[in-house]
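Descriptive analysis of the structure
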Protein chains: 2
Amino acid sequence: MLSRGSIGRYSAFFASKNFIRSLSNAPLDSTKLKIISSTKPSKPKPNDQLVFGNTFTDHMLTIEWEAGKGWGTPEIKPYANLSLDPASCVFHYGFELFEGMKAYRTNDNKITMFRPDMNMKRMNKSAARICLPTFDSDELIKLIGKLIENDKHLVPEGKGYSLYIRPTMIGTTNTLGVSTPDKALLFVINSPVGPYYKTGFKAVKLEATDYATRAWPGGVGDKKLGANYAPCILPQLQAAERGYQQNLWLFGPEKNITEVGTMNAFFVFKDSKTGKKELVTAPLDGTILEGVTRDSILTLARERLDPKEWEINERYYTITEVEERAAKGELVEAFGSGTAAVVSPIKEIGWKGNDIQVPLLPGEQSGQLTKSVANWIADIQYGRETYDNWSRVVADLN
Amino acid sequence: MLSRGSIGRYSAFFASKNFIRSLSNAPLDSTKLKIISSTKPSKPKPNDQLVFGNTFTDHMLTIEWEAGKGWGTPEIKPYANLSLDPASCVFHYGFELFEGMKAYRTNDNKITMFRPDMNMKRMNKSAARICLPTFDSDELIKLIGKLIENDKHLVPEGKGYSLYIRPTMIGTTNTLGVSTPDKALLFVINSPVGPYYKTGFKAVKLEATDYATRAWPGGVGDKKLGANYAPCILPQLQAAERGYQQNLWLFGPEKNITEVGTMNAFFVFKDSKTGKKELVTAPLDGTILEGVTRDSILTLARERLDPKEWEINERYYTITEVEERAAKGELVEAFGSGTAAVVSPIKEIGWKGNDIQVPLLPGEQSGQLTKSVANWIADIQYGRETYDNWSRVVADLN
């Protein structure tokens, strides 16, 4: 599913060799897990003190990798600083990648992860793209499950609360030649987090940005690499100075809409002649992050929206189309999608000195579909509904 | 000089605000330096055992920075691992940048750095672009000078031998929100290195690469960020599998030649009608690293090559032009330029199944200009010649 649409000569080229690279060495093996428990388990913070990614659970998972040997012993151990040679290639050449996923305490008192197979698939693609080692996805899911289970008292309870999971891989070769890392460290840290919007949705103002370019064909914008993030902060600060919270990233002379901040972007249009609505997002052409939430939204929308009333399209669309259709009253709503907020409604887009107004429901902070999508996904995440095998139980607290 | 040609709306936009950011805090102050000496000074390795960036001198320089406080106490202390929270933003979001420069033991027994002001200017530009703190260039040059002086017995002696200096800056904020780092660490490590080509030049074969794109307008390809390096390794491995040592990076539908591997690219053409020669390199349009060696070559070539016989141009040129002019016998020579090798001659370029032959001097591994340029620069670096204030004395061993 993830790679559907991820077409073209750019992406295809990178799919070939590296996946098999680690096969000649020791595979990642969850049965080798060694657990060193913390001697001072912490108490959960009150829910209202949880700030995204600011506090972490008592333990972390680490696994070292070395060329010619493969994956070493997975260790769950007390959260602690990493000790690394200052020549380590992660500090110099951007050998780093990460994932973002969440675990939820369900209504029937289990802890589940949401579609972890998708994140692991993407993590392996990120690793292959920058010559870091790949691994067996299921084994890492099992290990992350153990890590969560180990700190299960720190998975917060309540609507919108969850455990944010941050798998990370870094190159640790400690020589300055620019080449394939021969040593790496995979680690996972977990942070109890609250709802992105504490008091319901808060729609954001975006600045459509064409002077800075987030991603390009033949680049790495579809991978979850550290490289894609630091360069986007300055344009965001600049947008903020002009009163916009995030960038709406445009690409090319056509000014295609690609992403919003660090999220995928969705727009809803309504044809004023036929009355038919269209949910649109950019296609996975190598410049778009292969978002798990994006995929989930497309999957559910295709199933749940009446095809007589709706079209769901992955296609190119431009800021000009948005501007023109807004002027014709054909812009219905818009939102970003990602793991942290699930959906983030958009109310305004600054472009060439004009502010394009994006409709919201009267007196509310989102459009109708944005609300529906948020509920669809939350119902599955919190176990109020079962969908396919999207929820994976990692601990049973009963 | 550095910013000449670094034109266009992309680059200009980023030049504005951030440079003044650190002024409200404590500036970097070399007089505060604290030195903690190693208790076991090492002996120099024999010259023939020096591998680029594999061994380091006894000491390192570290300086912490914190928002609202500014730069802390610079410390020269024994080379040792860094201890960092696994949530540090350098591991997740690519908050990292570096420089590469060299110190030389001159014929009159001094140790000099080559144009360190250029590297510091570029380091500040890199920092500003990813919202890391800027600093007073002269202060850091003084501190690096002290670091070199402290380990002066490890600066190797001999033709082509030098001390490679690696200033690095990383973001150390330990929360997972993607935002401007409020903590950073600047560190410098030094590695004694030998000549890039131990037995004289060795010309390389390049693969002209258009399926992967190193840099893009509105991106960060002109900055020395970690982000620009890891994504280039896989295309290099793929080129190597086909028998080419490096990528010749192309850009756009025109297939402009931009860089070679991690070096700037220079080509020499000769007009077969007029007999006039042209030294060409790509203009600094925001996609080209602002190489100090590149600038040095252009400066010296403009002074030393007879304008009746030579034109020196920073202009766009394409792989098609190279192919066509090679066919007409108008391609004279080509080389890459960078701190590590100074110049790296090119002998062949694979493009669309053909190998374009680049002439070399009969029985030699480079063209004539490549040789001249290497000598011009080495003479200045090793103090056989004084040029402007390109050499800065950091220690006198007499």
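Residues numbered from 1 in each chain as written. Chains lettered and ligands numbered in written order. Predicted model: local features only at pLDDT ≥ 70, side-chain atom pairs only at ≥ 80, totals over all residues. Heavy atoms only, no water.

Let me state the cut-off plainly: UniProt positions are given in the numbering used here, feature names are shortened, and annotations may be inferred rather than shown by experiment.
Labelled according to an unreviewed UniProt entry, chain A appears under the name Branched-chain-amino-acid aminotransferase, originating from Vanderwaltozyma polyspora. In UniProt, chain A has this text filed under Cofactor (unreviewed entry): "pyridoxal 5'-phosphate".

What to know about the pattern of salt bridges
Residue and element names in this part refer to chain A. Here is the rule: Salt-bridge detection follows one rule: a side-chain nitrogen of Lys or Arg within 4 Å of a carboxyl oxygen of Asp or Glu. Strands are runs of DSSP state E lasting at least two residues, helices are runs of H or I lasting at least four, and both sets are numbered from the N terminus onward. Relative accessibility thresholds used throughout: buried, under 20% of the residue-type maximum; exposed, over 50%; partly exposed, between the two (1.4 Å probe, protein chains only).
Scanning the model with the defined rule gives 48 salt bridges over all chains in all. Among the salt bridges present, the one from Asp138 reaches Arg392, with a minimum N-O distance of 3.7 Å. On the criterion of sequence distance, the pair formed by Asp138 in helix α4 (residues 137-150) and Arg392 in strand β20 (residues 391-396) is long-range, its members being 254 residues apart. Among the ionic pairs, Arg315 bridges to Glu321, the shortest N-O distance being 2.9 Å. Among the residues examined, Glu321 registers a relative accessible area of 17% and is labelled buried. Here the salt bridges share partners, and the residues they tie into one network are Glu278, Arg315, Glu321, Arg325, Lys328 and Glu330.

Some remarks on empty space enclosed by the protein
We apply this condition: Both site types are read off a 1 Å grid over the protein atoms alone. A 1.4 Å probe that fits but cannot get out defines a cavity, while an open set with protein on both sides within 12 Å along at least five of seven lines defines a pocket; lining residues have an atom within 4 Å of a point. Grid points are joined across faces, edges and corners, and a volume is the space filled by probe spheres set on the points.
For the coordinates displayed, the defined rule picks out 12 cavities of 30 Å³ or more. Taken as a whole, the largest cavity holds about 280 Å³ of empty space. As for the largest cavity, its lining consists of 29 residues, of which Trp216(A), Val220(A), Ala227(A), Asn228(A) and Ala227(B) are closest to the centre.

With respect to the relation of the copies chain B and chain A
Rules: What sets the superposition is a least-squares fit of C-alpha atoms, and only residues with pLDDT of at least 70 in both copies go into it. Contact between two residues is taken to exist if any of their heavy atoms lie within 4.5 Å; hydrogens are not considered.
For the match of chain B to chain A, the screw axis carries a shift of 0.0 Å, the RMSD comes to 0.0 Å, and the turn is 180°. Interpreted geometrically, this transformation is the action of a two-fold axis. Comparing contact sets, 97% of the residues at the interface of chain B also lie at the interface in chain A, consistent with an isologous, same-surface contact.

A closer look at the UniProt feature "modified residue: N6-(pyridoxal phosphate)lysine" (unreviewed entry) in chain A
Residues and elements named next belong to chain A. The UniProt record marks Lys224 with the feature "modified residue: N6-(pyridoxal phosphate)lysine" (unreviewed entry), using the residue numbering of this structure. With respect to the element layout, Lys224 can be found in the loop between β11 (204-209) and α5 (233-241). With near-sequence residues (within four places) excluded, Lys224 lies in contact with Leu97, Phe98, Glu99, Gly100, Arg122, Ser126, Tyr229 and Leu289.

Some remarks on unusual backbone geometry
Even without a glycine there, the phi angle at Asn109(A) is positive, about 65°. Tracing the backbone through its elements, the reader meets Asn109(A) in the loop between β7 (101-105) and β8 (110-114).

Looking at the packing of aromatic side chains
What counts here: Pairing of aromatic rings covers Phe, Tyr and Trp, the last through its six-membered ring, and needs centres within 6.5 Å; plane angles under 30 degrees mean stacked, over 60 mean edge-to-face, and all others mean tilted.
Scanning all chains against the criterion turns up 30 aromatic pairs over all chains. Note on Phe52(A) and Tyr164(A): the rings are 4.8 Å apart at their centroids and 65° apart in plane angle, and the pair reads as edge-to-face. In this pair, Phe52(A) sits in the loop between β1 (34-35) and β2 (59-66) while Tyr164(A) sits in strand β9 (residues 162-171), placing the two residues 112 residues apart along the sequence. By relative accessible area, Phe52(A) is classed as partly exposed at 26%. Between Trp71(B) and Phe135(B) the ring centres are 6.3 Å apart and the planes differ by 85°, which places this aromatic pair in the edge-to-face class.

Observations regarding the nonpolar core
Defined as follows: Here the nonpolar core consists of buried residues drawn from Ala, Val, Leu, Ile, Met, Phe, Trp, Tyr and Cys, with membership extended through side-chain atoms lying within 4.5 Å.
Leu140(A) and Leu140(B) are the most contacted members of the largest nonpolar core, which has 118 residues in total. Residues within four places of Leu140(A) in sequence aside, it is in contact with Leu28(A), Leu61(A), Ile63(A), Met120(A), Met123(A), Phe135(A) and Leu186(A).

Some thoughts on helix α3 (residues 116-129) of chain A
Residues and elements named next belong to chain A. Quick reminder of the rule: Given the number of residues in a helix, its expected span is that number minus one, multiplied by 1.5 Å.
When the terminal C-alpha atoms of α3 are compared, their 20 Å separation across 14 residues agrees well with the 20 Å that a helix rising 1.5 Å per residue should span. Counting buried residues in α3 gives 12 out of 14 residues, a clear majority hidden from the surface. Regarding α3, the residues found buried are Pro116, Met118, Asn119, Met120, Arg122, Met123, Asn124, Lys125, Ser126, Ala127, Ala128 and Arg129. A positive backbone phi angle near 60° is found at Cys131, which sits one or two residues after α3.

Brief notes about the domain arrangement of chain A
All names here are of chain A. Note the cut-off: What fixes the domain bounds is an automatic or database domain assignment. Summed over both partners, the accessible surface that disappears when two parts come together, traced with a 1.4 Å probe, is what is meant by buried area. Under the grouping applied here, Gly and all other residues not named as nonpolar or charged are polar, the nonpolar ones being Ala, Val, Leu, Ile, Met, Phe, Trp, Tyr, Cys and Pro and the charged ones Asp, Glu, Lys and Arg.
Taken as a whole, chain A is organised into domain 1 (24-193) and domain 2 (204-366). Measuring from the centre of the C-alpha atoms in domain 1 to the corresponding centre in domain 2 gives 30 Å. Contacts between the two partners involve 18 residues from domain 1 and, on the opposite side, 16 residues from domain 2. Between domain 1 and domain 2, a total of about 1500 Å² is buried, with carbon and sulfur atoms accounting for 60% of that surface. Here domain 1 is connected to domain 2 by two salt bridges. Those elements that place two or more of their residues in the side of domain 1 that touches domain 2 are β6 (96-98), β7 and α3. Of all the elements, α3 adds the most residues to the side of domain 1 that touches domain 2, at six residues. When grouped by side-chain class, the residues that make up the side of domain 1 that touches domain 2 number eight nonpolar, three polar and seven charged.

Some points on the side chain of Thr293(B)
Of note, Thr293(B) is situated in helix α6 (residues 292-304). In contact with Thr293(B), other than residues within four places in its own chain, are Ser337(B), Gly338(B), Thr339(B), Val342(B) and Ile377(B).

A look at the side chain of Thr106(A)
Among the structural elements, Thr106(A) can be located in the loop between β7 and β8. Dropping the residues within four chain positions of it, Thr106(A) is found in contact with Thr112(A), Gln381(A), Tyr382(A) and Gly383(A).

Here we look at the environment of Glu324(B)
Residues and elements named next belong to chain B. Assignment of secondary structure puts Glu324 in helix α7 (residues 319-327). Its relative accessible area of 48% is what places Glu324 among the partly exposed residues. A C-alpha to C-alpha distance of 57 Å links Glu324 and Thr73, two positions 251 residues apart in sequence.

A few points about the interface of chain B and chain A
Where interface size is given, it is often the accessible area lost as the parts come together that is meant. Rules: Counting of polar contacts relies on pairs of N or O atoms within 3.5 Å, with two restrictions inside protein: one atom must be capable of donating a hydrogen and the other of accepting it, and residues adjacent in sequence are counted only when both atoms are side-chain atoms.
Contacts between chain B and chain A engage 70 residues on the former and 69 residues on the latter. Here chain B and chain A share an interface that buries about 5700 Å² over both sides, 63% of which is from carbon and sulfur atoms. Scanning the region where chain B abuts chain A turns up zero salt bridges. Across the chain B-chain A interface, the total number found is 27 residue pairs in polar contact (both at pLDDT 80 or more). Those elements giving two or more residues to the side of chain B that touches chain A turn out to be α1 (8-13), β5 (82-84), α2 (89-92), β6 (96-98), α3 (116-129), β9 (162-171), β10 (183-193) and α5 (233-241) of chain B. Broken down by element, the residue count for the side of chain B that touches chain A peaks at seven residues, all from α5(B). Here the side of chain B that touches chain A is composed, by residue class, of 40 nonpolar, 20 polar and 10 charged.

A look at the pairing of strand β19 (residues 354-357) of chain B
Residues and elements named next belong to chain B. Operational definition: A pair of strands is labelled paired if DSSP reports no fewer than 2 bridges between them.
With four bridges joining them, strand β18 (residues 342-351) and β19 adopt antiparallel strand pairing. Residue pairing in the sheet places Ile349 in a bridge with Ile356 of β19. Turn length for the β18-β19 hairpin, with the two strands adjacent in sequence and antiparallel, is two residues, and the turn residue Lys352 shows positive phi of about 50°.

Focus on the environment of Thr293(A)
All names here are of chain A. Using a relative accessible area of 9% as the deciding quantity, one classes Thr293 as buried. Between the C-alpha atoms of Thr293 and Gly338, which are 45 residues apart in sequence, the distance is 5.5 Å. Within the local environment of Thr293, its side chain forms a polar contact with the backbone oxygen of Gly338, the two atoms lying 3.4 Å apart.

A short note on the pairing of strand β15 (residues 277-281) of chain A
Residue and element names in this part refer to chain A. Filter applied, for reference: Assignment of crossover handedness uses the view with strands pointing away from the viewer, where a clockwise path from the first strand over the helix to the second indicates a right-handed crossover.
Burial analysis of β15 places four of its five residues in the buried class, the great majority of the element. Bridge count between strand β14 (residues 263-270) and β15: four bridges; the pairing is antiparallel. Residue Val268 lies in a different strand from β15, and its bridge partner there is Leu279. Connecting β14 to the antiparallel partner β15 that follows it, the hairpin turn spans six residues, and Gly275 within it adopts a positive phi of roughly 80°. Across five bridges, the pairing between β15 and strand β16 (residues 310-314) is parallel. Across the sheet, Val280 pairs through a bridge with Asn313, a residue of β16. For the segment spanning β15, helix α6 (residues 292-304) and β16, crossover handedness is right-handed.

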